[in-house]
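This is what each chain is made of:
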Amino acid sequence: MTLTLNCPNCGAQAVFRSPALPCRVCDYCQSLLVRNDAGVSAVGKAAALPFDVSPVRIGMRGRADGIGFEVVGRVRWAWTDGSWNEWLLLFQDGSYGWLGDAMGLFMLLREEPVARVRAKALRRVIEGGEAVPGVEAQHGGVKYQVSDARDVLCIAAEGELPFTAPPGWRVYSVDLKGPAGECATLQRDRDEATFYTGRYVLLGDLEPSGLRAIEGWGMPAYAS
Amino acid sequence: MQADAIPPRPQPAVRALNCPSCGSAVTLRAAGYSVTVGCPSCGSILDVNDAAVKLITEYHEMAAGLDIPLGTRGTYDGIEWEVIGHLDRSIYGAWPWEEYLLFNPYYGYRWLVTDGQSWSFGELLTMTPGYLTYDTLCIGDMEFRRFFAEREVQVDRVIGEFYWRVAAGERVASAEWAGPGWMLSRESNANEVSWTLLKLLTPAEMAEFGVSGVPRRPWPPPPHMVSPHRAWLGTGLKVAGAALGFLLLLMVFFAGGRWSDAGWFPVSAGVTGEQTVTIGPLRFDRPYQRVEIRAEVPRLENGWLDLDYSLVNRADQKVYEAYGAAERYNGVDSDGAWSEGSRASQVSMASVPRGEYDLIVEYRGNKWDGGYQQTFDGWMDAGNAPRVGILVRTGGLYGANLIVAAILLLLPLLWGLFRHVRFEQARQGESDFDPTGAAALFRTSEDEED
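- The name given to chain B in an unreviewed UniProt entry is DUF4178 domain-containing protein, and the organism recorded there is Sphingomonas canadensis.

- In the nomenclature of an unreviewed UniProt entry, chain A corresponds to DUF4178 domain-containing protein from the organism Sphingomonas canadensis.

Okay, here's the thing in structure tokens:
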């Protein structure tokens, strides 16, 4: 499955590990690469990632719901009052999910087909409307509440991705929270909407190995 | 897999920047997460969301010394935390308290909250507590009773870094619930509701963060402090109960003193009427005592012995009387051999005053012929040498002693209860709601009017 191509910009090796992840950022020149039938083409340039102290890094492995995963990509998002990471997890069964890394909390999310979304408050967003914080929306038997709704901006990306994430890409993002730690995100850009559901997790519950070492801090007890 | 082959260099932990207002160095300890920094030197609020540091609000004040300087590390529950931010908060300037933001890149954020006396360790909840009743919330089997009604609280001063855009004057609605050792705090604004679980810390736990002199018994006690008298009271009640029970047992079984063998007297054969013996002098030393008299008739069989006792005070001839009988029968019927009754009889006289006494025993032996006119004397046959033994002892249950013991045992318990109630009243004194549990006991009408 793994396909190794050369970056058309700098010639460095670019590895594509899954057909589900046709995009990646060149590790060397930060070119945004897209794999296609003809090979690979550069569609733009990603910005350098700003300095952060996230304990997650590309190459970290772990296990969620009994399936092993590896962190293969990241998108960094920002809004007027903060920024956060979405880490892309490639699971051993070929599926992928996201590990949200915001404000010291982690969210494990999987994409769900937008067509499955029935809640009125969310359908309105999918069709171009806005969401109001506090509004309830039921999905999959969980009574969510809109906790946040705002424009967010992609500021940087690295590794492999299921979509191109050019800097300056603006999406409307609605965060939802359930009563027992469930969470969901609905994102909509000019073209389409995507819906993610999942739950809050503790990093230690993911049995992580290969965490990022951070100067002056001992590795946590949960690191294997 | 190259990532595994060469371990990457550790990520630097801090980002250094300069305050655009006063120029002093500011250390960013949670780079990538932090949005706002209050300059520790001049108090100006900086925006560090982007690579370029922007000045939001300019202040020119000397930052007052903090109990825990920013950058201090301490360990709680086995995890190391670094103090990265500090907030002064209040209810419109009154009832001030302080909050320190703690950070560990592998565990996220926590809080140290203090009202100046006691300290709590706070963690943001990712789930919503459930309502058990209108005034009680629960998380699993932990219960929290409402304590502070919702009111608006504000931020008065910001030092260090925070993961949201915080500024002096920021206001949120806040309500609190308290349980034994824990508090639950709910903060909400137009967009968001957040719940924080706070655990009361011990002075030793705060010493880990370099804070000394935390009172072990702060007064008034914080809302989530467990009354130290409660456990004492519980143990005290058990101990007192056990002691009283033991005392009772002791009195019932051993308190009477020893039986004194007053004498053995023959029982005449045949129906010869009453026989009388006088035993004495008997000396009773306590102001009042219970006197027990026991008669034993070893040969008694199919008959009875009537016993009339008169205890005569030698000084004033006052008489205390009692009647007893020992009877025993046996026989054979369709069910086989049977026997009933006892060869002994015991009587007692309560509250006999101190003094010297003579015990006059009038007794009369009887035989039972089972309905047949038997000519022999049965158990009273002279060849049988029937006799009766009289034994005397004083004592039995001394109610007065028991009451004194009970009072002595209960006194410290009452003192404990008083302290417990006082503690609970002080603990709940600040609450916006009516007192419950021990604090609701012994309320004066003055309290009711509050």
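Concerning the overall build of chain B
Then step 1. Across its full length, chain B carries 5 helices and 23 strands.
Then step 2. Taking 450 residues into account, the globule formula puts the C-alpha radius of gyration at 22 Å, and chain B, at 42 Å, lies well above it.
Then step 3. Referenced to the eigenvectors of the C-alpha coordinate spread, the extents of chain B come out at roughly 130 × 65 × 40 Å.
Then step 4. The contacts in chain B between residues at least 6 apart in sequence include a share of 63% that link residues at least 24 apart.
Then step 5. For chain B, the accessible area works out to roughly 23400 Å², and carbon and sulfur atoms hold 54% of it.
Then step 6. Of the charged side chains in chain B, 38 are positive and 56 negative, and the gap between their average positions amounts to 5 Å.

Focus on a positive patch on the surface
Residues and elements named next belong to chain B.
Then step 1. Taken together, the side chains of R216, R217, R419 and R422 present a region of like positive charge at the surface.
Then step 2. Relative to the helices and strands, R422 resides in helix α4 (residues 399-427).
Then step 3. Classification of R422 by relative accessible area gives partly exposed; the value is 44%.

Comments concerning the interface of chain A and chain B
For an interface, size is often stated in terms of accessible area lost upon the parts coming together.
Then step 1. Facing the 40 residues of chain A at the interface are 37 residues of chain B.
Then step 2. In total, chain A and chain B occlude about 3400 Å² of area from one another, counting both sides; carbon and sulfur atoms represent 54% of this.
Then step 3. The interface formed by chain A and chain B contains 2 salt bridges.
Then step 4. R165 of chain B serves as the salt-bridge partner of D81 of chain A, at 2.4 Å between the closest nitrogen and oxygen.

As for the side chain of S174 of chain B
Then step 1. In this structure, S174 of chain B sits in strand β14 (residues 171-179).
Then step 2. Of the polar contacts made by the side chain of S174 of chain B, one reaches the side chain of E176 of chain B; its length is 3.2 Å.

Looking at the pattern of salt bridges
Then step 1. Applying the stated criterion across every chain yields a total of 36 salt bridges over all chains.
Then step 2. R24 of chain A is the partner of E160 of chain A in a salt bridge, and the nearest nitrogen-oxygen pair spans 3.9 Å. With E160 of chain A in strand β12 (residues 142-161) and R24 of chain A in strand β3 (residues 23-25), this residue pair connects regions lying 136 residues apart in the sequence. Of the two residues examined, E160 of chain A and R24 of chain A, each falls in the buried class.
Then step 3. For R343 of chain B, the salt bridge is made with E301 of chain B, and the minimal N-O distance between the two is 2.5 Å. Highlighted residues: R343 of chain B in the loop between β21 (336-341) and β22 (344-367) and E301 of chain B in the loop between β18 (275-296) and β19 (303-313), separated in sequence by 42 residues.

Focus on the packing of aromatic side chains
Then step 1. Following the criterion strictly, the structure yields 22 aromatic pairs over all chains and no others.
Then step 2. One aromatic cluster is present, formed by Y33, F103, Y109, W111, F162, Y163 and W164 of chain B through successive ring pairs.
Then step 3. R110 of chain A extends its terminal NZ or CZ atom over the ring of F91 of chain A, reaching a point 4.0 Å from the ring centre.

Focus on the domain arrangement of chain B
Then step 1. On domain assignment, one finds that chain B holds domain 1 (13-226), domain 2 (228-255 + 397-450) and domain 3 (260-396).
Then step 2. Here the C-alpha centre of domain 3 of chain B lies 86 Å away from the C-alpha centre of domain 1 of chain B.

With respect to unusual backbone geometry
Then step 1. The omega torsion across W219 of chain B and P220 of chain B is -5°, close enough to zero to call that bond cis.
Then step 2. Within the fold, P220 of chain B resides in the loop between α2 (203-207) and α3 (228-254).
Then step 3. Going from G280 of chain B to P281 of chain B, the amide bond is cis rather than trans, its omega being -5°.
Then step 4. Here P281 of chain B is to be found in strand β18.
Then step 5. We note that Q30 of chain A has phi near 60°; this positive angle belongs to a residue other than glycine.
Then step 6. Relative to the elements of secondary structure, Q30 of chain A occurs in the loop between β3 and β4 (31-36).
Then step 7. Even without being glycine, W95 of chain B reaches a positive phi, approximately 50°.
Then step 8. For W95 of chain B, the location among the structural elements is in strand β8 (residues 94-104).
Then step 9. Here W95 of chain B falls in the exposed class, since its relative accessible area comes to 58%.

Section: the UniProt feature "domain: DUF4178" (unreviewed entry) in chain B
Then step 1. In the numbering adopted here, UniProt assigns the feature "domain: DUF4178" (unreviewed entry) to residues 70-196 of chain B.
Then step 2. The distance separating the terminal C-alpha atoms of residues 70-196 of chain B is 22 Å; by composition the span is 0% helix and 71% strand.

Overview of the nonpolar core
Then step 1. With 45 residues, the main nonpolar core has V56, F69, L99 and L203 of chain A together with Y109 of chain B as its most contacted residues.
Then step 2. For this core, the secondary structure elements donating two or more residues are β7 (67-79), β8 (82-91) and β10 (105-112) of chain A together with β7 (79-91), β8, β9 (108-114), β13 (142-162) and β14 of chain B.
Then step 3. If one sorts the elements of this core by residue count, β13 of chain B sits on top with 6 residues.
Then step 4. Those residues within four positions of L99 of chain A in sequence are excluded, and the remaining contacts are V56, N85, E86, W87, L89, F106, M107, L108, V201, L203 and L206 of chain A.
Then step 5. Formed by 30 residues, the second largest nonpolar core is a distinct cluster that contains I279, V291, A295 and A326 of chain B.

Notes on the UniProt feature "domain: DUF4178" (unreviewed entry) in chain A
Then step 1. Under the local residue numbering, the UniProt record ascribes the feature "domain: DUF4178" (unreviewed entry) to residues 58-201 of chain A.
Then step 2. Secondary structure across residues 58-201 of chain A divides into 5% helix and 62% strand, with the first and last C-alpha atoms of the span separated by 19 Å.

Things to note about the sheet that holds β22 of chain B
Consider a sheet: its strands pair through backbone hydrogen bonds, and that pairing is either parallel or antiparallel.
Residues and elements named next belong to chain B.
Then step 1. Read from one edge to the other, the open sheet built from 7 strands follows the order β17-β23-β18-β22-β19-β20-β21, with strand pairing classed as antiparallel. Looking at strand neighbours, the two that pair on one side only are β17 (260-266) and β21, the edges of this open sheet. Averaged over neighbouring strand pairs, the angle between their axes works out to 15° when direction is ignored.
Then step 2. Taken together, the 16 bridges between β18 and β22 define a ladder with antiparallel strand orientation. Residue pairing in the sheet places R283 in a bridge with E356 of β22.

Regarding the pairing of strand β12 (residues 136-139) of chain B
All names here are of chain B.
Then step 1. Here β12 shows a buried face lined by T136 and C138 and a second buried face lined by L137 and I139.
Then step 2. Summarising the sheet, strand β11 (residues 130-133) and β12 pair through 3 bridges and their orientation is antiparallel. Looking across to β12, one finds that Y131 is bridged to L137.
Then step 3. Hairpin connection from β11 to β12: 2 residues lie between these consecutive antiparallel strands.
Then step 4. The sheet contact formed by β12 and β13 spans 4 bridges and is antiparallel. If you follow C138 over to β13, its bridge partner there is E143.
Then step 5. Linkage of β12 to β13, two consecutive antiparallel strands, is achieved through a turn of 2 residues, within which G140 is found at a positive phi near 60°.

Regarding a nonpolar patch on the surface
Then step 1. On the surface, I403, V404, I407, L408 and L411 of chain B cluster together into a nonpolar patch covering about 500 Å² of accessible area.
Then step 2. Within the fold, L411 of chain B resides in helix α4.

Basis of the calculations
Residues numbered from 1 in each chain as written. Chains lettered and ligands numbered in written order. Predicted model: local features only at pLDDT ≥ 70, side-chain atom pairs only at ≥ 80, totals over all residues. Heavy atoms only, no water. Helix = DSSP H or I, 4+ residues; strand = E, 2+ residues; numbered from the N terminus. Rg over C-alpha atoms; globule rule 2.2 N^0.38 Å. Contact = heavy atoms within 4.5 Å. Areas by Shrake-Rupley, 256 points an atom, 1.4 Å probe, with all protein chains shown as cover. Lys, Arg positive; Asp, Glu negative; His and termini not counted. Charge placed at Lys NZ, Arg CZ, Asp CG, Glu CD. Patch = residues over 30% accessible without salt bridge, like charges linked within 9 Å, V, L, I, M, F, W, Y side chains within 5 Å. Salt bridge = Lys/Arg side-chain N within 4 Å of Asp/Glu carboxyl O. Buried < 20%, exposed > 50% of the residue type's maximum accessible area, 1.4 Å probe, protein only. Buried area = accessible area lost by both parts, 1.4 Å probe. Polar contact = N/O pair within 3.5 Å; in protein donor to acceptor, adjacent residues only side chain to side chain. Phe/Tyr/Trp six-rings, centres within 6.5 Å; stacked < 30°, edge-to-face > 60°. Lys NZ or Arg CZ within 6 Å of the ring centre and 35° of its normal. Domains from an automatic or database assignment. UniProt positions renumbered as here; feature names shortened; annotations may be inferred. Core = buried A, V, L, I, M, F, W, Y, C linked by side-chain atoms within 4.5 Å. Pairing = 2+ DSSP bridges. Axes fitted to C-alpha atoms, helices over the stretch in contact; angles between N-to-C directions.

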